[in-house]
Amino acid sequence: MNLTLRQLRAFAAVAETGSFTAAAATLHLTQSALSVLVRELEREMGVQLFDRHTRRVLLSEAGREFQPSVQRLLADLAGAVAGVTDLRDKKKGVLRLAAPQLMACTLMPRVIAAYRARHPDIDVRLTDTLPEHLLDGLLSGEVELAVGQDVAVDAAIERRTLFRDRHWLICPPGHAFARRRKVHWAELGPYTFIAPTRDFRQRVLPELDAAARELMLRATTQEVSYMTTALGMVASGLGLTVCPTYSAPLVRAHGLQMVRLEQPDFHREVCVYGASKRSLSPAAASFVQLLEQFVREPGLAG
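Quick caveat: nothing in here was measured; it's all calculated off a predicted structure.

A. Region of interest: the nonpolar core. Formed by 40 residues in total, the largest nonpolar core has its most connected members in L95, L97, M103, L145, V147, L162 and F287. Per-element tally for this core: the top contributor is helix α12 (residues 282–294), with 7 residues. Excluding its chain neighbours within four sequence positions, the residues that come into contact with M103 are M108, P109, V147, G148, Y246 and V270. Core analysis: the next-biggest nonpolar cluster, separate from the first, contains 21 residues, A10, A23, L34 and L37 among them.

Structure representation (structure tokens):
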């Protein structure tokens, strides 16, 4: 049996109005085109659905039996179409994101707030994670987007660079460096260096010249997993650390100073990641678009 949506709509309209003329006007069809659709439906089903009289069209017994099912089907279809349209128009839906803990407590809340102001019925759910586990949720399907600093990816992950962000020296306000406009990496040698991630030293060492690299290798270094830990230790006078520009609100909240760190300038790319074999939902695509606009704000990246 091969029923069509146009046939079912024609049947429902005639059943509701009791008239081929009125039903044709409702569906913006000619009366003859509507009659053809109803006859095709009756032929396909092998029963007569209407008893046709001179002034009135009445449902047959088979038609009365068939009508509630058609009404439910058309209502379910209309609801499904409306739901998809709402998703397309970003009127509803759930968007799941992942970001490293530092970004999750600085940049991402600001972007999410701006996004919700535009799309209040989209439920945005943010998962904070360790940098080394940033892509785990993408691979498992638990999140649709991940935003964070550059990490190695394979063919299963698509990466798009958002911006390059400078790293700054972080020190207490009473430190000698706090009164400086800029500090060189080579000057950090005498101080305990608090590496803000487990892989930070191996990333920064290749960027340094030989003398600065030697000093950093000799420097007392403590590695931590979270930037909040590093900032807390700096605030207590236990050493110095570095952090990206977007973490400035958190640095200020700890009462610490950001000083330009040079020779070399050390930048890392901030990227947005998605599963390469899955197209982005309308909500995710619009979030990426807003994120790209947001990171172009003056002063966000160094």
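B. Representation of the packing of aromatic side chains in the model. Under the criterion given, the structure shown has 7 aromatic pairs. When the ring of F20 is compared with that of F50, the centres are 6.2 Å apart and the planes differ by 65°; the resulting orientation is edge-to-face. Of the two residues, F20 sits in helix α2 (residues 20–27) while F50 sits in strand β1 (residues 50–52), which places them 30 residues apart along the sequence. Here the two residues F20 and F50 agree in accessibility, since each one is buried. When the ring of Y115 is compared with that of F287, the centres are 5.3 Å apart and the planes differ by 65°; the resulting orientation is edge-to-face.

C. Region of interest: the packing of helix α6 (residues 107–118) against α12. At their nearest, the axes of α6 and α12 sit 10 Å apart, and the two run at 120° to each other. Considering the angle they form, α6 stands oblique to α12. The way α6 lies across α12 gives a crossing that is right-handed. Between α6 and α12, the residues in contact are L107, M108, R110, V111, I112, A114, Y115 and R118 and A283, S286, F287, L290, L291, Q293 and F294, respectively. When the residues that make up the contact of α6 with α12 are grouped by side-chain class, the tally is 11 nonpolar, 2 polar and 2 charged.

D. Quick peek at the environment of L59. If you trace the backbone, L59 turns up in strand β2 (residues 57–59). Note on L59: relative accessible area 15%, which makes it buried. Sequence spacing of L59 and L49 is 10 residues, and the spatial spacing of their C-alpha atoms is 6.0 Å.

E. Here's a closer look at the pattern of salt bridges. Scanning the model with the defined rule gives 9 salt bridges in all. Of the charged contacts, one joins E262 and K182 as a salt bridge, the two residues approaching to 3.7 Å between their closest N and O atoms. Within this pair, whereas E262 is found in strand β11 (residues 257–262), its partner K182 is found in strand β7 (residues 182–184), the two being separated by 80 residues in sequence. Residue E262 is classed as buried on the basis of its relative accessible area, which comes to 15%. Overall, K182 belongs to the partly exposed group, its relative accessible area being 42%. Among the charged side chains, a salt-bridge network with shared partners connects R116, D123 and R125.

F. Broad picture of the packing of helix α1 (residues 5–17) against α2. It is the contact of α1 with α2, at a shortest axis distance of 8 Å, that shows an interaxial angle of 130°. Relative to α2, the element α1 lies oblique. Along this stretch, α1 crosses α2, giving a crossing that reads as right-handed. Contacts between α1 and α2 involve R9, A10, A13, V14 and T17 on the former and, on the latter, F20, A22, A23, T26 and L27. Of the residues in the contact of α1 with α2, the class split is 7 nonpolar, 2 polar and 1 charged.

G. A look at the pairing of strand β6 (residues 157–171). With 9 bridges joining them, β6 and strand β12 (residues 267–275) adopt antiparallel strand pairing. Looking at β12, one finds that I157 is bridged to A275. Relative to strand β10 (residues 241–244), β6 runs antiparallel, the two sharing 4 bridges. By the bridge assignment for β10, W168 is matched with C243. By the bridge criterion, 4 bridges tie β6 to β11 in an arrangement that is antiparallel. The residue bridging C171 from the neighbouring strand is Q257, located in β11.

Calculation notes
Residues numbered from 1 in each chain as written. Predicted model: local features only at pLDDT ≥ 70, side-chain atom pairs only at ≥ 80, totals over all residues. Heavy atoms only, no water. Core = buried A, V, L, I, M, F, W, Y, C linked by side-chain atoms within 4.5 Å. Buried < 20%, exposed > 50% of the residue type's maximum accessible area, 1.4 Å probe, protein only. Helix = DSSP H or I, 4+ residues; strand = E, 2+ residues; numbered from the N terminus. Contact = heavy atoms within 4.5 Å. Phe/Tyr/Trp six-rings, centres within 6.5 Å; stacked < 30°, edge-to-face > 60°. Axes fitted to C-alpha atoms, helices over the stretch in contact; angles between N-to-C directions. Parallel < 35°, antiparallel > 145°, perpendicular 65-115°, else oblique. Left-handed = near helix turned anticlockwise from the far one by under 90°. Nonpolar A, V, L, I, M, F, W, Y, C, P; charged D, E, K, R; others polar. Salt bridge = Lys/Arg side-chain N within 4 Å of Asp/Glu carboxyl O. Pairing = 2+ DSSP bridges.

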